[in-house]
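Structure assessment
One-letter residues, chain by chain:
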2 protein chains.
Amino acid sequence: MALKKTPVKGTMDMLPGDMRLREHVIGMIKESYSRYGFMEIETPVMEHIENLTSKQGGDNEKLIFKIMKRGADLMRALEKEDGELADSGLRYDLTLPLARYYSNNKDVLPSPFKALQIGNVWRADKPQKGRFRQFTQCDIDILGDSTNLAEIELIGATSDMLRTIFSEAGISEFTVHLNDRRFLIAAAKNAGFAEEAIEGILITLDKYDKIGLSGIREELLSNGESEETVDKYLELYTDLENVTIESFTKNISAEYLGEKEINELKEILACAGSMAGDGVKIKFDPTLVRGMGYYTGPIFEVTLDDYNFSVAGGGRYDKMIGRFTGQDTPATGFSIGFERIITILKDTLPEGYKLKGDNVAILIGKKVPLDKKVEIINEAKEQRLTGKTVLIQPMQKNMGHQIEMLEKEGYTEFKKIFE
Amino acid sequence: MALKKTPVKGTMDMLPGDMRLREHVIGMIKESYSRYGFMEIETPVMEHIENLTSKQGGDNEKLIFKIMKRGADLMRALEKEDGELADSGLRYDLTLPLARYYSNNKDVLPSPFKALQIGNVWRADKPQKGRFRQFTQCDIDILGDSTNLAEIELIGATSDMLRTIFSEAGISEFTVHLNDRRFLIAAAKNAGFAEEAIEGILITLDKYDKIGLSGIREELLSNGESEETVDKYLELYTDLENVTIESFTKNISAEYLGEKEINELKEILACAGSMAGDGVKIKFDPTLVRGMGYYTGPIFEVTLDDYNFSVAGGGRYDKMIGRFTGQDTPATGFSIGFERIITILKDTLPEGYKLKGDNVAILIGKKVPLDKKVEIINEAKEQRLTGKTVLIQPMQKNMGHQIEMLEKEGYTEFKKIFE
């Protein structure tokens with residue numbers, strides 16, 4: 001029986017042009033972040049199934065690719081009713097593996113530790129345009145720093161990196177949205193919502209971009225919240241055009257939100273704004289929620305003004321590492337939507353991403369004798385030592401097609417040796 | 001319950017120093033090979049289970065990490081006695097995925113196609129020192145070229161690449177061993193072994209380095225081969241110090257080995273020898289077998305003279321792509337033992353692989369006011385724009401330890417801002 005030619009459902013074969021673009025972008029990311037002192041690390045793609053299913057991953061836990069036990073372990077699991085057949089799974093994000101990694105290695109790492117991770121993650125999601133089951137994520141995280149210097153560095157570094165990348169695509173403007181998980185909770189409590197209703201309130205507020213304030217009002221009322229509470233809550237969100245940290249928090253009782261938290265966010269806004277530079281707007285956005293329940297402090301998201309989606313997001317998660325070590329460790333991170341950035345850049349390069357520079361292809365005919373071949377090879381060797389790309393290939397019957405395909409990759413000079 | 005801190009059995013967390021070394025080596029590999037016109041590609045880490053278990057992978061097929069079916073598919077499989085519970089698995093090498101990739105994409109790729117792949121592979125092997133369950137492979141392959149120009153380029157490019165990498169470790173000498181699967185079969189047939197015994201004969205010959213000619217003789221006799229046949233066979237291998245392609249093949253009947261095959265290997269030896277350059281010996285080695293049954297022509301392996309192991313190996317496999325397409329496509333490849341190279345380089349760098357250049361760490365005390373912070377951040381921004389690495393961190397209580405850990409990573413300059 002013939003073997004299967006297509007990649008596994010929802011995954012991609014990367015063509016040379018795709019790879020050149022990806023490698024180029026990865027190079028820019030590494031270069032940008034290394035200047036801020038982020039250090040690259042790597043974790044295995046497999047994680048213990050117990051860690052993956054520990055409620056740190058939200059809905060992603062439903063999408064795990066599980067790896068089967070082997071040998072006697074598998075036999076034992078199959079014999080049991082409801083035995084766990086998997087002992088590990090493919091990671092669905094880079095945050096949980098990072099928390100495990102830091103817990104395992106913190107004694108030999110600097111503190112605070114600035115980590116850069118670029119790697120694939122896997123989710124058994126329904127494949128659709130632009131959504132894959134294997135895709136690349138790129139995260140920076142600062143572990144062991146409880147001060148807002150961590151957020152300032154994350155936002156400054158990411159603004160720098162995105163500006164570098166997007167300038168190639170002619171995109172010079174983007175917005176960093178800033179909020180704080182503690183502001184979100186305080187605003188809800190201040191309005192009078194019950195503690196246990198807050199997660200649900202935030203899920204509704206997260207739909208602001210789609211349904212607007214009136215949609216939020218309707219949804220909260222239909223969930224049984226009182227008109228008085230809902231209206232008191234939404235009053236905070238009425239003048240979003242001109243909202244500032246001051247104007248938003250002055251209506252929240254000090255019982256729910258302290259001066260310290262307010263000042264921390266003001267400092268982030270001031271310092272990150274000064275770092276971010278031309279074209280980058282940094283604004284307080286009280287409607288920003290971010291889905292993951294593990295956030296504990298400042299949260300942020302970058303949107304492209306010309307496209308209607310976010311290209312990066314993150315926040316502080318001070319409670320996750322404690323799940324591994326028994327002791328909380330401050331942590332905050334920024335995750336870059338690598339595949340979205342690639343999609344945007346691809347759109348601006350309809351011809352695909354070619355080899356750079358002058359590249360020579362030498363096509364050798366069938367009649368070329370050995371000593372001539374040796375001569376060609378030695379000449380090519382000299383050119384290659386100077387850093388030039390020299391391709392040596394047998395001349396094909398359909399030389400026109402051969403050359404056309406090489407031109408598509410970026411070859412500019414062709415030498416045909418017939419005999 | 002606390003989560004598990006250690007990585008999954010047999011896998012590694014890469015520390016920053018490890019990553020710097022790996023990235024440095026990967027950079028050299030990409031740079032070297034790109035000058036020969038190899039184009040980087042990537043395949044998904046998951047492959048269809050049918051492909052992985054199609055007898056292309058030899059013993060590696062026993063070591064597959066299988067990925068479980070999900071949802072209704074899994075339910076159906078569990079209900080069946082002996083139902084296949086997995087629909088895919090992690091790739092155990094890069095060759096099978098490449099064959100699938102080429103079959104799937106050949107219409108949009110240049111022909112011949114020179115591919116470079118660097119990626120992880122997974123084998124559920126018993127973990128031991130230097131052997132891991134997730135490890136990096138690095139392969140170059142030329143697909144669609146039936147001439148020995150392909151082997152010449154593979155060997156020339158790999159010699160170049162290894163010399164560049166090893167020169168840093170003070171290793172300037174290595175040997176490329178060259179043989180041909182067709183020579184191995186012809187030698188066995190010529191001695192009088194039965195067709196169906198040949199695979200077994202080659203498994204014994206492959207032990208030459210460990211058991212020598214006398215050990216081979218003993219094993220073949222104890223397997224029931226006649227003394228006359230065995231002695232006729234081993235006569236070919238008596239003068240291995242001085243053996244040449246001529247001296248070896250002149251004793252093999254033309255019925256088993258043609259002039260064409262002999263000349264092809266001679267040309268590879270001559271041309272690759274001329275390309276390889278200083279310190280690289282290329283020699284005909286009639287005892288070289290290479291394990292995989294899929295090889296069909298010239299095979300090769302690189303050994304380090306000072307270490308007793310190989311660092312790269314490969315050969316021609318003209319029949320694999322046909323398993324996907326129904327039509328044979330010439331193919332030959334070289335696989336680099338990336339982890340072994342890393343091990344060798346690590347041994348020569350006892351202090352670990354540090355950040356290069358002058359790197360500044362600015363440690364900020366608790367009393368530093370906001371406007372001073374903004375000033376520091378803006379100064380750092382200017383320095384970062386010039387390409388310098390500038391780390392900004394809160395000063396820790398144990399500043400001595402903080403500085404020591406940063407020095408370990410390669411920071412050379414420390415600025416302490418107290419207020």
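Residues numbered from 1 in each chain as written. Chains lettered and ligands numbered in written order. Predicted model: local features only at pLDDT ≥ 70, side-chain atom pairs only at ≥ 80, totals over all residues. Heavy atoms only, no water.

Observations concerning the environment of Asn308 of chain A
Our working definition: Numbered from the N terminus, helices here are DSSP runs of H or I no shorter than four residues, and strands are runs of E no shorter than two. The buried label goes to any residue with under 20% of its type's maximum accessible area, the exposed label to any with over 50%, and the partly exposed label to all in between, with areas taken from a 1.4 Å probe on protein chains only.
In this fold, Asn308 of chain A is placed in the loop between β9 (298-304) and β10 (310-316). By relative accessible area, Asn308 of chain A is classed as exposed at 82%.

Topic: helix α4 (residues 95-105) of chain A
The cut-off we apply is this: Contact definition: two residues touch when any of their heavy atoms are within 4.5 Å.
Of all 11 residues that make up α4 of chain A, 10 are buried, and the element is covered over most of its length. For α4 of chain A, the full list of buried residues reads Thr95, Leu96, Pro97, Leu98, Ala99, Arg100, Tyr101, Tyr102, Ser103 and Asn105 of chain A. Tucked into the core, α4 of chain A has its buried residues touching β2 (46-48), α2 (49-52), β5 (113-122), β6 (134-143) and α12 (322-325) of chain A together with α1 (16-35) of chain B.

Structural notes on the relation of the copies chain A and chain B
How we decide: Alignment of copies: least-squares fit on C-alpha atoms of residues with pLDDT of at least 70 in both copies.
Aligned on chain B, chain A shows an RMSD of 0.0 Å; the corresponding rotation is 180° and the shift along the axis is 0.0 Å. Considering both components of the superposition, the chain copies are consistent with a two-fold axis. For chain A, the residue whose C-alpha comes nearest the rotation axis is Ile67 of chain A, separated from it by 2.3 Å. When the interface residues of chain A are mapped onto chain B, 100% of them again lie at the interface, so the same face is used by both copies.

Considerations on the packing of helix α8 (residues 208-222) of chain A against helix α9 (residues 227-235) of chain A
Residue and element names in this part refer to chain A. This is how it is decided: All axes are obtained by fitting lines to C-alpha atoms, using only the stretch in contact for helices, and the reported angles, taken between N-to-C directions, cover 0 to 180 degrees. Angles below 35 degrees are treated as roughly parallel, those above 145 as roughly antiparallel, those between 65 and 115 as roughly perpendicular, and all remaining angles as oblique. Helix crossings fall into two classes, left-handed where the near helix is turned counterclockwise from the far one by less than a right angle and right-handed where it is turned clockwise. Amino acids are sorted into nonpolar (Ala, Val, Leu, Ile, Met, Phe, Trp, Tyr, Cys and Pro), charged (Asp, Glu, Lys and Arg) and polar (every other residue, Gly among them).
Look at α8 against α9: their axes get within 10 Å of each other, and the N-to-C directions meet at 150°. Classed by the angle they form, the pair α8 and α9 counts as roughly antiparallel. The two elements α8 and α9 cross, and the hand of that crossing is right-handed. For the pair formed by α8 and α9, the contact residues are Leu213, Ile216, Arg217, Leu220 and Leu221 on the first element and Glu227, Val230, Asp231, Tyr233 and Leu234 on the second. For the contact of α8 with α9, the per-class residue count stands at seven nonpolar, no polar and three charged.

Brief notes about the sheet that holds strand β11 (residues 331-336) of chain A
Residue and element names in this part refer to chain A. Quick note on the threshold: Any two strands with at least two DSSP-identified bridges between them are counted as paired.
Strand order in the open sheet formed by eight strands is β1-β5-β6-β11-β10-β9-β7-β8, and the pairing between neighbours is mixed. The two strands at the open ends of the sheet, each matched to only one other strand, are β1 (39-40) and β8 (280-284). Where β5 and β6 come together, 10 bridges link them in antiparallel fashion. Across the sheet, residue Trp122 finds its bridge partner in β6, namely Gln134.

Some thoughts on the nonpolar core
The cut-off we apply is this: Nine residue types can take part in a nonpolar core, namely buried Ala, Val, Leu, Ile, Met, Phe, Trp, Tyr and Cys, and a core is a set of them joined through side-chain atoms within 4.5 Å.
Counting 118 residues, the largest nonpolar core has Ile29, Tyr33 and Tyr233 of chain B as the members making the most contacts within it. No other element matches helix α5 (residues 149-167) of chain B, which puts 10 residues into this core. When near neighbours in sequence (up to four residues on either side) are disregarded, Tyr233 of chain B contacts Ala187, Ala188, Ala191, Phe193, Ile201, Leu202, Leu205 and Leu220 of chain B. Counting 117 residues, the second largest nonpolar core, distinct from the first, contains Ile29, Leu143, Leu265 and Ile342 of chain A.

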